[in-house]
Amino acid sequence: MSSPAKGDDAHNTQKLVAFNAYCIYNSMAPGTYLIMVPQVDASPPGTPTLWTRCTSHLLLTLCFPAPLHTHSVAITCMLSVTESFARVIHGLTVGHLTDHVIQRSKRMILDTLGVGFLGTSTEVFHKASEYSKIYNSNASSSVWGQSDLRLPPPYAAFMNGVAIHSMDFDDTWHPATHPSGAVLPVLTALSEALPSSQKSSGLDLLLAFNVGIEIQGRLMHFSKEASDIPKRFHPPSVVGTLGSAAAASKFLGLSMPECQEALAIAVSHAGAPMANAATQTKPLHMGNAAKHGMEAAFLAMLGLQGNKQVLDMQTGFGAFYANYSPKVLPNLESHTWLLGQQDVAFKRFPAHLATHWVADAAASVRKHLVTDRAALPIDHIEKIVLRIPDVQYVNRPFPDSEHEARHSFQYVACATLLDGHVTVPSFHKSQISRPQVRELLSKVKLEHPGDNLPSFNTLYCEVSVTLSDGATFTECSDTFYGHWRKPLSQEDLREKFRANASSMLSCDRVERLIEIVENLEDLGDCSVLTTLLKGPPPPVMASKSI
């Protein structure tokens, strides 16, 4: 640094040190620095003086002891919240992964692939597929299970994201979101599109996947609103978009400044309203989160710039959540994975997670009403009471479509009472419109106890069925099988995958995928995985002889 002007005035010395610090702050890396100053005989009056400057990307503090006889002044340079996220995305390595996190993330990947394969049979998938076919590029990636359909990587990720969420069958986390569906499609698409000279390993994929999951969890922990079942924005469209950008940035090897720009760009792509829950549009939220996050990483690589404080600001990411209070992430040396602390829930049937408590309690009540495989005595049922949290978009007394039925406390309760279980076919139109179902629906009433809060971590469901003779049977579920407090066994998770994936793949290919995913950390080349995801080659049509 330049020497201060001559003089024995301590106040002038303070101003000069502050000026010199201002001149160099842009070149500082995070840390604490010592700036040499001449010894000053005159002591500043009073208590120690603190000089603070808030810049666009750091907080600079100078502390002057009194009396000022030392030869140095400490300057502390602190990261912004957004920078700390970029540091985590850029800096995390395979060495940071724990066995616990690897095992949990492999279960998430297997489940997500399975529901994605199953989702390719839905109407919304086929509509989105027709739309995506208008796009083309030299680089292309596969749509899972569709060997004859290749798309530019962002649109392949879009289609696979739509498939994953098309039945609401994908994993659910706490705070509330579906974490895997916006991340895994990005990584399989990028892995396939990269040149062979840049082949990726299973550990590369696991690291990027967990970075994408981690970023979503960290963002949701900045707001109490995020802990509850959502009311305004669909979480995958918000945190999923940034998780996708983070995963793509990690997988593509972006620099720390580029990671920061990717987050800024992704925020401007984020957000979709809950008004489109229970419609064919809701699965597009997941597809768009995957696509837009990848696009954000691509644009950051090209030098596009955004607001470098986007995660620090109420008018940035804070616009999506009330009571938003962001914090700088811990240093990498002390990093712990949120997935290691909080597992996900895996669904046994394709519907909103809150309905799984309803099905569990209703199945228990049914045991009091039906014996020896007899039919449910519908005519003798006077009323059905469901005591559940107040979640308006899952309150659908008479659903007319599969998407409404998947978001209906009432329908899932009645289907369980009538059939004894809920499965994939339970949401077909023919099942929803059965006269017996409609009659039962007319007898359902909802109650919302004050202690039953809309949180996937604490909610419960109580089902009471009153018969015409006055007898009432009541059962309560506070945790269903598949919830993180009562997780699916590995064999049951495999069985779910087999049931879902066999709709598109041969048995041999299904078993090979299970083997690869369960040993993903040992996979040397992800092309082995992506080749299996393409599905079987289309049948060769024999030409007709003339």
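In what follows, the structure referred to is the one given above.
These lines cover the structure that appears in this document, whether it is placed above or below. Bear in mind that the values here come from a model prediction, so they are computed numbers and not experimental data.

Rules used in this analysis
- Residues numbered from 1 in each chain as written.
- Predicted model: local features only at pLDDT ≥ 70, side-chain atom pairs only at ≥ 80, totals over all residues.
- Heavy atoms only, no water.
- Helix = DSSP H or I, 4+ residues; strand = E, 2+ residues; numbered from the N terminus.
- Buried < 20%, exposed > 50% of the residue type's maximum accessible area, 1.4 Å probe, protein only.
- Areas by Shrake-Rupley, 256 points an atom, 1.4 Å probe, with all protein chains shown as cover.
- Phe/Tyr/Trp six-rings, centres within 6.5 Å; stacked < 30°, edge-to-face > 60°.
- Disulfide = S-S within 2.5 Å.
- Axes fitted to C-alpha atoms, helices over the stretch in contact; angles between N-to-C directions.
- Parallel < 35°, antiparallel > 145°, perpendicular 65-115°, else oblique.
- Left-handed = near helix turned anticlockwise from the far one by under 90°.
- Contact = heavy atoms within 4.5 Å.
- Nonpolar A, V, L, I, M, F, W, Y, C, P; charged D, E, K, R; others polar.
- Salt bridge = Lys/Arg side-chain N within 4 Å of Asp/Glu carboxyl O.
- Pairing = 2+ DSSP bridges.
- Polar contact = N/O pair within 3.5 Å; in protein donor to acceptor, adjacent residues only side chain to side chain.
- Expected span 1.5 Å × (residues − 1).
- Patch = residues over 30% accessible without salt bridge, like charges linked within 9 Å, V, L, I, M, F, W, Y side chains within 5 Å.
- Core = buried A, V, L, I, M, F, W, Y, C linked by side-chain atoms within 4.5 Å.

The secondary structure content of the protein chain amounts to 19 helices and ten strands. For the protein chain, with 546 residues in total, the buried portion stands at 55%. Total accessible area computed for the protein chain in this model is approximately 22800 Å², and 54% of it derives from carbon and sulfur atoms.

Counted by the stated rule, this structure contains 14 aromatic pairs. Arranged with centres 4.1 Å apart and planes meeting at 15°, the rings of Y135 and Y155 form a pair that is stacked. Here Y135 is found in the loop between α4 (123-132) and β5 (141-143), whereas its partner Y155 is found in helix α5 (residues 153-165), with 20 residues between them in sequence. Looking at Y135, the relative accessible area reads 30%, which means it is partly exposed.

By the definition in use, this model includes zero disulfides. C461 provides the cysteine sulfur closest to C476, a residue in no disulfide bond, and the two sulfurs are 7.2 Å apart. What makes C476 partly exposed here is its relative accessible area of 45%.

Turning next to the packing of helix α17 (residues 490-501) against helix α18 (residues 507-518). The geometry of α17 relative to α18 is characterised by a closest axis approach of 10 Å and an angle of 135° between their N-to-C directions. Comparing the axis directions of α17 and α18 gives the class oblique. Note on packing geometry: the crossing formed by α17 with α18 is right-handed. Contacts between α17 and α18 involve Q490, R494, F497, R498 and A501 on the former and, on the latter, V510, E511, L513, I514 and E518. Each residue belonging to the contact of α17 with α18 can be placed in one class, and the counts come to five nonpolar, one polar and four charged.

Turning our attention to the pattern of salt bridges. Between side chains of opposite charge, pairing is possible as soon as their charged atoms come close. Tallied over the entire structure, the rule returns 25 salt bridges. A salt bridge links R104 to D343; the nearest nitrogen and oxygen atoms lie 3.6 Å apart. You can see R104 sitting in helix α3 (residues 99-119) and its partner D343 sitting in the loop between α11 (338-341) and α12 (355-369), a full 239 residues away along the chain. The pair formed by R104 and D343 is uniform in burial state, with each residue classed as buried. Salt-bridge contacts for E515 lead to R512; the nearest nitrogen and oxygen are separated by 3.4 Å. Pair noted here: E515 and R512 are both in helix α18, with a separation of three residues, about one helical turn.

What follows covers the sheet that holds strand β7 (residues 381-387). Taken together, four strands build an open sheet; the order of strands is β8-β7-β9-β10 and the sheet is mixed. Edge positions in the open sheet fall to β8 (444-447) and β10 (472-477), since each of these has one partner strand only. Recorded for the sheet is a direction-independent mean angle of 15° between the axes of neighbouring strands. Across six bridges, strand β9 (residues 461-467) lies against β10 in antiparallel orientation. From the neighbouring strand, V465 faces β10, where its bridge partner is F473. α12 rests against β7, β9 and β10 of the sheet, and its axis sits at about 145° to β10. Packed onto the sheet, helix α14 (residues 409-419) meets β7, β8 and β9 and runs at close to 130° relative to β7.

A separate point is the side chain of K282. Tracing the sequence through the fold places K282 in helix α10 (residues 282-301). A distance of 3.3 Å separates polar atoms of two side chains, one belonging to K282 and the other to H407. Those residues in contact with K282 that lie beyond four places of it in its chain are H165, D168, H234, N276, A277 and H407.

Compared with an ideal rise of 1.5 Å per residue, which puts twelve residues at 16 Å, helix α9 (residues 256-267) spans 17 Å between its outermost C-alpha atoms and is within 8% of the ideal. Here α9 lies mainly inside the structure; nine of its twelve residues are buried. Every buried residue belonging to α9 is among C259, Q260, E261, A262, L263, A264, I265, A266 and V267, and all of these are buried.

A cluster of nonpolar side chains, contributed by L299, L302 and L304, occupies part of the molecular surface with about 300 Å² of accessible area. Along the chain, the position of L304 falls in the loop between α10 and α11. Looking at L304, the relative accessible area reads 42%, which means it is partly exposed.

Here α12 spans 21 Å end to end across 15 residues, near enough to the 21 Å set by a 1.5 Å rise per residue. Residues of α12 that are buried include every one of T355, H356, W357, V358, A359, A361, A362, V365, R366 and L369, and no others. Buried residues belonging to α12 abut β7, α13 (402-406), α14, β9 and β10.

Bringing the nonpolar core into the picture now. Among the nonpolar cores identified, the biggest contains 103 residues, and L311 and F317 are the most heavily contacted of them. Ranked by residues supplied to this core, first place goes to helix α7 (residues 202-220) with ten residues. Sequence-distant contacts of F317, defined by excluding residues within four places in its chain, comprise L219, V238, V239, L242, V267, V310, L311 and Y324.

The next point concerns unusual backbone geometry. Here the amide bond leading from H174 into P175 is cis, since omega sits at -5°, within 30 degrees of zero. With respect to the secondary-structure elements, P175 resides in the loop between α5 and α6 (184-193). Despite not being glycine, D168 shows a phi value in the positive range, around 55°. By the secondary structure assignment, D168 is in the loop between α5 and α6. Classification of D168 by relative accessible area gives buried; the value is 2%.

All right, on to the environment of E404 then. Turning to its location among the elements, E404 is positioned in helix α13. Along the primary structure E404 and V394 are separated by ten residues, whereas in three dimensions their C-alpha atoms are 8.3 Å apart. Ignoring anything within four residues of it in the chain, the contact list for E404 reads A278, R396, F398 and P399.

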